[in-house]
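Chain by chain, the residues:
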Amino acid sequence: MSAKTETREFQAEVKKMLDIVINSLYTERDVFLRELVSNAADALEKLRHQSLVEEEIFDDHLSLEIRIDCNDKEHTLTITDTGIGMTRDELVDNLGTIAHSGSKTFLTKLSEADQEDVSLIGQFGVGFYAAFMVADEVKVQSRSYLMDDEGHQWSSDASGSYKISPCKGIHRGTRIIIKLKEDAHAYADSGKIKEIIKRYSSFVSFPIKVDGEKVNTVQALWTRGKSEITDEEYNEFYKFIGNAVDEPLYRLHFSTDAPLAIKSLLYTPKENFENLGFGRMDPGVSLYCQKVLIEQHSKNILPDWLRFLKGVVDSEDLPLNISRQALQDNALVAKIHKVLTSRYLKHLEEEAGKDPEQYQEFWRTFGIFLKEGITSDFTHREALGRLLRFESSASEPGRMISLAEYVERMGEGQESIFYINGSSREAIEAGPYVEAFRKRKLEVIYTLEPIDDFALSHLGEFAGKQLVSADRGDLELPESGAGEEAAQKEEQAEGLSDERRQGLTAWMQEVLGDRVKEVHVSKRLEDSPALIVNAGGYMTSSMERVMRAARQDSGFAQFAGKNLEINPRHELIKNLDKLREEDREFAASVVEQIHDNAMIQAGLNVEPRAMVERSYRILERLVKKDGGG
Ligand code: ADP
Ligand code: MG
């Protein structure tokens, strides 16, 4: 061992990763090559960009390419690129630690995953380690493009440590020498390697030469005309840039000349990896200028809430030598951002019109991102509003409607779009909030997700109609034919007199103290005795539930004032009015219980201990009465 050779331990996560990679028996071993070639291509893209920015580049004369050499006598496979290379520190950082945030989640997933999931390795920023699927030993010789660097060699047999030593006299770029495992000797066959390259890496924008023979046609798919590109090419390109194994749900290939020259190819995947528990996704669209990669997986060209998209954007209006930092506050980039987002949302609307069933699929998978968009992005609110889908009282279970359909169905005299949150359609329809709507034949949108009420309250209105939650205290319902009938019926009904009503509500308010703002006689209840409404502001009970969950210390604290509405025609309320004269204390318990029940129907937690004790007291008395009577 030379004096300058240093042996270093892998970071614990890397060890774990290597253990899994080595010991898993999976069929998709071919992906290791895709990962190494994609790293080589990245290094070449970086070099190409760097050579526009830097004055001096080491070994500037080298042509940008990837060479793969198979040696079936020695059982080795060598992958060489003339890319950006790595310094000693970079070798240590990049190949000895895992910096990427998603990869820890991947690691946990992987240890309990089935075999296919390993092929996702590249999506989580740990693709290099896939080499150990086929290698007994991996040597990485690298020389950075920086003028004052020297070459180094990194090597490991995946046993927990790696060696690093100087390696003088090498060219710029990286060479990876793989000593193939016994059961992986087939990878030294150039026929097999060519086949794998064609399958996985045909879109790499640098020549790939296998044993001296060029095997890919270098092309930037997005710059070609739509009519020249086959579906298969489109899908293969998607798999290539998205590290994907399936086919995309949608694709959008478009170009503009004014106000900006853009060529773009955007894909909507089928799966939402965040839903599958992989943690927050990184953006998947890369920025090019005249086919030169400016920023891979750019955070600047699309809003964060479109991070599920994969693809490329090429704009020749950008200066080629723009630095990464300058992208952030570049006015042109801001324009690309806006144009691209609008165009994509318009594309979704078109797709929704063409095939509503398929759009519903999209919506189930990615709707959450569009809702995130509404709550965080003012600019595209209107377009996003048109893309929302919900179940409603007028939709069949499991089918969704758009706000536009709702508005189209609105009857004369209806000024607002109504919605109510609940955990399921059944729960909402059994609850007190929809009673008045059913009576008046008004459609109500069912919001079933915690984010929904936030999204709708941010949206505020749609097509000039206000969006109103049905649990608002100041809800004004139009008087339809059925409404008038109900009003008459109420007058005729032998409900409590005005005076009794006033006395009862005032007393109930006194009993409930600061648990409610006010107690009212309800105009909206039909069959239920009582319900909770939000006294003011925009907050719905669903939003309050989310806020409570976020602040665990205040599980029962109120964020918005609550009113209790009571139904004076309901037997329970009528009898309660009598009871408060016969047995005030017991009647007070009943009031508290009515309040707690109404809170639960609003989806809000109540203090369980007090509520259970009280309900036992009430039951005890009932049983005693019946038994004794
Ligand atoms: P990712 O490519 O997603 O970052 P990898 O595990 O594939 O994750 O690679 C880790 C890092 O190692 C890369 O980000 C890059 O900085 C470095 N690297 C790997 N291969 C090369 C190469 N051929 N040339 C230069 N750098 C490389
Ligand atoms: Mg990689």
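Just so you know, these numbers come straight off a predicted model, no measurement behind them.

Colleague: Hey, could you run me through the overall build of the protein chain in this one?
Modeller: Within the protein chain, the regular secondary structure consists of 20 helices and 22 strands. Considered along the principal axes of its C-alpha atoms, the protein chain spans approximately 100 × 55 × 40 Å. Counting every position in the protein chain, which comprises 629 residues, the buried fraction comes to 51%. A fraction of 72% describes how many contacts in the protein chain between residues 6 or more apart in sequence connect residues 24 or more apart. Working note: accessible area of the protein chain is about 29,900 Å², and carbon and sulfur atoms make up 47% of it.

Colleague: Sorry if this is basic, but what is going on with the pattern of salt bridges here?
Modeller: Side chains bearing opposite charge may pair, as long as their charged atoms lie close to each other. In total, this model carries 36 salt bridges according to the counting rule given. Taking the shortest distance from any N to any O, the salt bridge between Glu443 and Arg409 comes out at 2.8 Å. Of this pair, Glu443 sits in the loop between α13 (435–439) and β17 (444–447) while Arg409 sits in helix α11 (residues 403–409), placing them 34 residues apart in sequence. A single network of salt bridges, built from pairs that share partners, joins Arg500, Asp577, Arg580 and Glu581.

Colleague: I'm lost on a nonpolar patch on the surface in this one. Help?
Modeller: Together, Val612, Tyr616, Leu619, Leu622 and Val623 make up an exposed nonpolar region whose accessible area comes to about 490 Å². Among the structural elements, Leu619 can be located in helix α20 (residues 608–628). Judged by relative accessible area, which is 45%, Leu619 ranks as partly exposed.

Colleague: Just checking my understanding: could you explain the packing of helix α18 (residues 571–582) against helix α19 (residues 584–601) for this structure?
Modeller: For any two helices packed against each other, one specifies the inter-axial angle together with the distance between the axes. Two elements in contact, α18 and α19, have axes whose closest approach is 7 Å; the angle formed by their N-to-C orientations is 150°. Only Arg584, Phe586, Ala587, Val590, Val591 and Ile594 of α19 make contact with α18, whose side of the interface consists of Leu572, Ile573, Leu576, Leu579, Arg580 and Glu582. Grouping the amino acids of the contact of α18 with α19 by side-chain chemistry returns 9 nonpolar, no polar and 3 charged.

Colleague: I would appreciate a short explanation of helix α9 (residues 356–376) in the present structure.
Modeller: Every α-helix carries 3.6 residues per turn, so stepping three or four residues along brings you back to the same face. Between its first and last C-alpha atoms α9 spans 26 Å; for 21 residues at 1.5 Å apiece the expected length is 30 Å, and the helix comes up short by more than 12%. Regarding α9, the residues found buried are Tyr359, Gln360, Phe362, Trp363, Thr365, Phe366, Gly367, Phe369, Leu370, Lys371, Gly373 and Ile374. Buried residues along α9 sit in contact with β10 (250–256), β11 (262–268), α8 (331–354), α10 (381–387) and α14 (452–459).

Colleague: What should I look at first to understand the pairing of strand β6 (residues 161–166) in this one?
Modeller: If a strand is regular, its side chains alternate between the two faces of the sheet. When strand β1 (residues 6–9) meets β6, the two strands line up antiparallel, connected through 4 bridges. By the bridge assignment, Glu9 is partnered in β6 with Ser161. Two elements, strand β5 (residues 152–156) and β6, share 4 bridges in a ladder whose sense is antiparallel. Within β6, the residue paired with His152 across the bridge is Pro166. Hairpin connection from β5 to β6: 4 residues lie between these consecutive antiparallel strands, with Ala158 at a positive phi of about 65°.

Colleague: Would you mind going over a negative patch on the surface with me for this structure?
Modeller: Judged by side-chain charge, Glu54, Glu55, Glu56 and Asp60 come together as a negatively charged surface patch. Relative to the helices and strands, Glu55 resides in the loop between α2 (31–53) and β2 (66–71).

Colleague: What's the story with the packing of aromatic side chains in this structure? I'm lost.
Modeller: Each aromatic ring pair is specified by the distance between its two centres and by the angle formed by the two planes. One pass over the structure, following the stated rule, counts 20 aromatic pairs. Measuring from ring centre to ring centre gives 5.5 Å for Phe128 and Trp154, while their planes differ by 80°; the resulting arrangement is edge-to-face. Linking Phe128 in the loop between α4 (102–111) and β4 (135–143) with Trp154 in strand β5, this pair joins segments that are 26 residues apart in sequence. The pair Phe128 / Trp154 is uniform in exposure class, with both members buried. The ring of Phe58 carries the charged tip of Arg143 above its face, separated from the ring centre by 3.4 Å. The ring of Phe254 carries the charged tip of Arg343 above its face, separated from the ring centre by 5.4 Å.

Colleague: I tried to follow the sheet that holds β11 on my own but got confused; where do I start?
Modeller: Backbone-to-backbone hydrogen bonds pair the strands of a sheet. The strands run either parallel or antiparallel. As summarised here, the arrangement of the 5 strands in space is β10-β11-β14-β12-β13, forming an open sheet in which the pairing is mixed. Strands with a single pairing partner mark the edges of an open sheet, and in this sheet they are β10 and β13 (292–295). When the angles between neighbouring strand axes are averaged without regard to direction, this sheet yields 25°. In this sheet, β13 lies alongside strand β12 (residues 284–289) in antiparallel orientation, the contact comprising 3 bridges. Residue pairing in the sheet places Leu287 in a bridge with Glu295 of β13. Lying over the sheet, helix α6 (residues 231–242) contacts β10, β11 and β14 (310–315), oriented at roughly 80° with respect to β11.

Colleague: I would appreciate a short explanation of α14 in the present structure.
Modeller: Within α14, burial applies to Asp452, Asp453, Ala455, Leu456 and Leu459. The buried side chains of α14 occupy one side of the element, clustering within an arc of 160° when seen end-on. Looking at the residues trailing α14, positive phi occurs at Gly460, about 75°.

Colleague: Would you mind going over the sheet that holds β1 with me for this structure?
Modeller: Read from one edge of the open sheet, 9 strands run β1-β6-β5-β4-β7-β3-β2-β8-β9, paired in mixed fashion. Two strands close off the open sheet at either side, each with one partner strand: β1 and β9 (213–214). Contacting β2, β3 (76–81), β7 (173–180) and β8 (208–210), α2 crosses the sheet at an angle of about 20° to β3.

Colleague: For this particular structure, what's the right way to read the nonpolar core?
Modeller: Soluble globular proteins: nonpolar side chains tend toward being buried together. Counting residues in each nonpolar core, the largest one holds 101 residues, and the members touching the most others are Tyr344, Phe362, Leu370 and Leu564. In terms of residue count, α19 provides more of this core than any other element does, 8 residues in total. Residues in contact with Tyr344, not counting those within four places in the same chain, are Leu252, Leu266, Thr268, Leu306, Phe308, Leu309 and Phe362. The next biggest cluster of nonpolar side chains, apart from the first, holds 55 residues, and it includes Val37, Ala135, Tyr187 and Val215.

Colleague: Please explain the domain arrangement of the protein chain as it appears in this structure.
Modeller: Think of interface size as the accessible area that goes away when the parts come together; that is how it is often given. Structurally, the protein chain comprises domain 1 (6–214), domain 2 (221–362), domain 3 (388–469) and domain 4 (494–627). One C-alpha centre belongs to domain 1, the other to domain 2; they are set 27 Å apart. Opposite the 22 residues of domain 1 that make contact, domain 2 presents 25 residues. Between domain 1 and domain 2, the buried area comes to about 2,000 Å², and carbon and sulfur atoms account for 59% of it. Run the count over domain 1 and domain 2 and you get 0 salt bridges. For the pair domain 1 and domain 2, the interface holds 4 residue pairs in polar contact (both at pLDDT 80 or more).

Colleague: What is the right way to read the side chain of His253 from this model?
Modeller: For His253, the position within the fold is in strand β10. His253 sits in the buried class, given a relative accessible area of 9%.

Thresholds, definitions, all that
- Residues numbered from 1 in each chain as written.
- Chains lettered and ligands numbered in written order.
- Predicted model: local features only at pLDDT ≥ 70, side-chain atom pairs only at ≥ 80, totals over all residues.
- Heavy atoms only, no water.
- Helix = DSSP H or I, 4+ residues; strand = E, 2+ residues; numbered from the N terminus.
- Buried < 20%, exposed > 50% of the residue type's maximum accessible area, 1.4 Å probe, protein only.
- Contact = heavy atoms within 4.5 Å.
- Areas by Shrake-Rupley, 256 points an atom, 1.4 Å probe, with all protein chains shown as cover.
- Salt bridge = Lys/Arg side-chain N within 4 Å of Asp/Glu carboxyl O.
- Patch = residues over 30% accessible without salt bridge, like charges linked within 9 Å, V, L, I, M, F, W, Y side chains within 5 Å.
- Axes fitted to C-alpha atoms, helices over the stretch in contact; angles between N-to-C directions.
- Nonpolar A, V, L, I, M, F, W, Y, C, P; charged D, E, K, R; others polar.
- Expected span 1.5 Å × (residues − 1).
- Pairing = 2+ DSSP bridges.
- Lys, Arg positive; Asp, Glu negative; His and termini not counted.
- Charge placed at Lys NZ, Arg CZ, Asp CG, Glu CD.
- Phe/Tyr/Trp six-rings, centres within 6.5 Å; stacked < 30°, edge-to-face > 60°.
- Lys NZ or Arg CZ within 6 Å of the ring centre and 35° of its normal.
- Arc of directions from axis to C-beta.
- Core = buried A, V, L, I, M, F, W, Y, C linked by side-chain atoms within 4.5 Å.
- Domains from an automatic or database assignment.
- Buried area = accessible area lost by both parts, 1.4 Å probe.
- Polar contact = N/O pair within 3.5 Å; in protein donor to acceptor, adjacent residues only side chain to side chain.

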